[in-house]
Amino acid sequence: MKHLLKMLDLSENEILELLDLADQLKYELGHGIRHPLLAGKTLGMIFQKASTRTRVSFETGIYQLGGYGLFLSSHDLQIGRGEPVEDTARVLSRYLDGIMIRTFDQEEVETLARVGSIPVINGLTDFCHPCQVLADLMTVREHKGILEGLKMAYIGDGNNMANSLIVGGLKTGMRVAAACPDGYRPAKEVLDFAADFGDAFTLTGDCLEAAAGADVIFTDVWASMGQEGEAEKRRAAFKGYQVNGALLAAANPGCMVQHCLPAHRGEEITAEVFEAHAQEIFDEAENRLHAQKAVMVTLMK
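Residues numbered from 1 in each chain as written. Predicted model: local features only at pLDDT ≥ 70, side-chain atom pairs only at ≥ 80, totals over all residues. Heavy atoms only, no water.

Colleague: Give me the packing of aromatic side chains: which residues, what numbers.
Modeller: If you walk through the whole model with that rule in mind, you get six aromatic pairs. Where Phe193 meets Phe197, the ring centres are 5.0 Å apart and the plane angle is 50 degrees; that geometry is what we call tilted. You can call Phe197 partly exposed: its relative accessible area is 30%. An angle of 85 degrees between the planes, with centres 6.0 Å apart, marks the rings of Phe274 and Phe282 as edge-to-face. A relative accessible area of 43% means that Phe282 is categorised as partly exposed. Clustering of aromatic rings is evident, with ring pairs tying together Tyr184, Trp222, Phe238 and Tyr241. Sitting over the ring of Phe71, Arg55 keeps its end group 3.7 Å from the ring centre. (Phe/Tyr/Trp six-rings, centres within 6.5 Å; stacked < 30°, edge-to-face > 60°. Buried < 20%, exposed > 50% of the residue type's maximum accessible area, 1.4 Å probe, protein only. Lys NZ or Arg CZ within 6 Å of the ring centre and 35° of its normal.)

Colleague: Can you lay out the pairing of strand β8 (residues 216-219) for me, pointing to particular residues and giving the numbers?
Modeller: Side chains Val216 and Phe218 project from β8 onto one buried face, and the interleaved Ile217 and Thr219 project onto a second face that is buried too. Looking at chain direction, strand β5 (residues 151-155) and β8 are connected through four bridges and run parallel. Across the sheet, Tyr154 pairs through a bridge with Phe218, a residue of β8. Of the strand pairs in this sheet, β8 and strand β9 (residues 256-259) are connected by four bridges, and their pairing is parallel. Residue Thr219 lies in a different strand from β9, and its bridge partner there is His259. (Helix = DSSP H or I, 4+ residues; strand = E, 2+ residues; numbered from the N terminus. Pairing = 2+ DSSP bridges.)

Colleague: Pulling in residues and values, what's your account of the sheet that holds strand β1 (residues 42-47)?
Modeller: Read across the open sheet, the four strands follow the order β2-β1-β3-β4; overall the sheet is parallel. Edge positions in the sheet fall to β2 (68-73) and β4 (120-124), since each of these pairs with one other strand and no more. For this sheet the average axis-to-axis angle between neighbouring strands, irrespective of direction, equals 20 degrees. Here β1 runs beside strand β3 (residues 98-102); their pairing, made up of five bridges, is parallel. The residue of β3 that forms the bridge with Gly44 is Ile99. This element, helix α2 (residues 53-64), spans β1, β2, β3 and β4 of the sheet and lies at about 175 degrees to β1. Here helix α4 (residues 106-115) sits on the sheet in contact with β3 and β4, set at roughly 165 degrees to β4. (Axes fitted to C-alpha atoms, helices over the stretch in contact; angles between N-to-C directions. Contact = heavy atoms within 4.5 Å.)

Colleague: How would you explain helix α7 (residues 188-195) if you had to name every residue and give the values?
Modeller: Listing the buried residues of α7 in full gives Val190, Phe193 and Ala194. Projected down its long axis, α7 carries its buried residues within an arc of 95 degrees, all on one side. Summarising the geometry of α7, the exposed residues directed more than 90 degrees from the buried face are Lys188 and Ala195. Its buried side turned inward, α7 meets α6 (160-171) and β7 (201-204). (Arc of directions from axis to C-beta.)

Colleague: I'd love a proper account of the environment of Tyr95, names of residues and values included.
Modeller: Within the element layout of this structure, Tyr95 appears in helix α3 (residues 85-95). Of the residues examined, Tyr95 reaches a relative accessible area of 61% and is grouped as exposed. Measuring from C-alpha to C-alpha, the distance between Tyr95 and Thr42 comes to 8.4 Å, with 53 residues separating the pair along the chain.

Structure, rendered in structure tokens:
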């Protein structure tokens with residue numbers, strides 16, 4: 001494992017090793033044990049999309065590991081003024097020990113990794129969100145004790161979260177059902193991958209069918225960053241694709257609810273369901289810190 005570009009690149013063993021390390025780092029932090037495993041290392045953090053959780057968790061994480069994080073807004077870099085990604089990769093490779101990038105185009109992340117000579121971590125693209133899904137899997141395993149054999153349901157837009165959850169869930173032995181409206185299905189590359197898992201994966205337009213027998217239900221906003229102009233169109237398309245009491249009634253007793261945040265209460269999830277599962281949801285948010293520390297240690301140590 002040289003980079004973290006997308007969940008499709010990881011084997012089941014690599015995912016589980018990252019989760020085990022994340023658990024260890026979380027335990028040590030909670031017991032006051034210092035783990036300066038990246039002392040003297042520097043992480044450049046390129047942001048072409050705004051962030052709360054990604055920025056704070058990476059910046060805090062590299063600090064806790066003994067390293068230093070540089071916030072690099074695209075507005076302040078030459079990449080924001082037309083410098084080729086290839087040149088940025090070559091320059092930053094001479095200064096840094098690792099790059100985290102949160103951007104739009106997956107190809108930009110792939111190019112950074114291909115041309116540069118240091119580890120690259122995908123902090124989010126329009127195609128996938130591997131750091132979030134590692135934290136998601138970590139949280140489910142914390143609460144359920146296992147991943148293999150559980151059923152994951154995803155309700156809503158077939159976006160970067162859906163793409164990564166489908167891959168991460170199937171690779172760790174979960175059954176995955178996704179409910180998405182026509183025109184908003186997951187990426188073809190992901191559906192082609194999932195087809196090899198037979199009955200372990202279901203794609204449907206029926207939310208209740210997807211949620212039936214689920215052990216954990218995931219959702220995300222109807223309009224992601226950069227899609228604000230489509231908000232009204234999407235509200236119409238996603239009407240009914242909501243995590244609510246009726247949906248949970250179809251799931252298994254004790255079903256978890258997860259949301260990558262920020263949440264739009266009253267749209268993709270009701271306020272009542274969100275607050276009833278807030279502990280699980282904010283455990284998920286916290287675990288971004290621990291999962292990403294595991295990624296940084298694995299790639300940069």
